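Observations on the model geometry
Residue strings, one per chain:
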Amino acid sequence: MLRAVYPGSFDPVTFGHLDIIRRSSKTVDELVVGVLNNNAKIPLFSVEERVKMLHEVTKEFQNVKVMPFEGLLVEFAKSLNAQMVIRGLRAITDFEYELQMAQTNHKLAPDVETVFLTTSLKYSYLSSTTVKEVAAFGGDISQFVPEYVADKIQEKMEKKECKS
Ligand code: PNS
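Attention in this report is confined to the structure presented alongside it. This structure is a prediction, so every number in the text was calculated from the model and none was measured.

Brief notes about the nonpolar core
- Formed by 35 residues in total, the largest nonpolar core has its most connected members in I21, L31, L54, I86, I141, V145 and I153.
- Secondary-structure elements contributing two or more residues to this core are strand 1 (3-8), helix 1 (15-25), strand 2 (30-36), helix 2 (47-57), strand 3 (64-69), strand 4 (84-89), helix 5 (128-136) and helix 6 (147-163).
- Among the elements that make up this core, the one with the highest residue count is helix 2 (five residues).
- Not counting residues within four places of it along the chain, the set of residues in contact with I21 comprises Y6, L31, V33, L54, T58, F61 and V64.
- V32, F76, A77 and A82 belong to the second largest nonpolar core, which has 12 residues in total.

Written out as structure tokens, the structure is:
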């Protein structure tokens, strides 16, 4: 049984992430989307909210699970008996960080292989950060994230406006 982990912050999940989930889930028996609960960053969405959104937008994929994780990615992968970590590469700017992360993870856990999928061209510009920025200024994010996620972002932005 080939199990892979696709880790990330997913704050929020975009069509680019979903493209990687759809394509990588076809190549493995089970894909676990690992949602990092990182106390060092203040995300827009809590880890519970990010997991819920991912559950909702991946429900059509039979072999995809969504789980939160804390700490080292390789420990999470090992706890699941996952042999592979999947990461998406959008552009050369991603490469240096991804290479460093993959090589560090390889040192920590040589049996866990990192496999890169190049993001589909139509999503190569897309990131969670730019989606949040566009939404914060009232722009249309419907081409970047599923409708369910766009609605959740909208709700967050409205709550933020009420507070300020
Ligand atoms: O979506 P992101 O923010 O690019 O994902 C980054 C992520 C979650 C894959 C990375 O930060 C991670 O694996 N964090 C867990 C801590 C860890 O294992 N670090 C060692 C690798 S250098």
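Observations regarding the pairing of strand 3
- One ladder, built from six bridges, connects strand 2 with strand 3; its direction is parallel. Counterpart to V32 in the pairing with strand 3 is K65.
- Once you follow strand 2 into helix 2 and on to strand 3, the crossover reads as right-handed.

Structural notes on helix 1
- Within helix 1, eight of the 11 residues are buried, which leaves the element mostly enclosed by the surrounding structure.
- Listing the buried residues of helix 1 in full gives G16, H17, L18, D19, I20, I21, S24 and S25.
- For helix 1, the capping residue at the N-terminal end is T14, with a side-chain oxygen 3.1 Å from the backbone nitrogen of G16.

The rules we used
- Residues numbered from 1 in each chain as written.
- Predicted model: local features only at pLDDT ≥ 70, side-chain atom pairs only at ≥ 80, totals over all residues.
- Heavy atoms only, no water.
- Core = buried A, V, L, I, M, F, W, Y, C linked by side-chain atoms within 4.5 Å.
- Buried < 20%, exposed > 50% of the residue type's maximum accessible area, 1.4 Å probe, protein only.
- Helix = DSSP H or I, 4+ residues; strand = E, 2+ residues; numbered from the N terminus.
- Contact = heavy atoms within 4.5 Å.
- Pairing = 2+ DSSP bridges.
- Right-handed = clockwise from strand over helix to strand, strands pointing away.
- Polar contact = N/O pair within 3.5 Å; in protein donor to acceptor, adjacent residues only side chain to side chain.

Any functional reading would require information that these geometric values do not contain.
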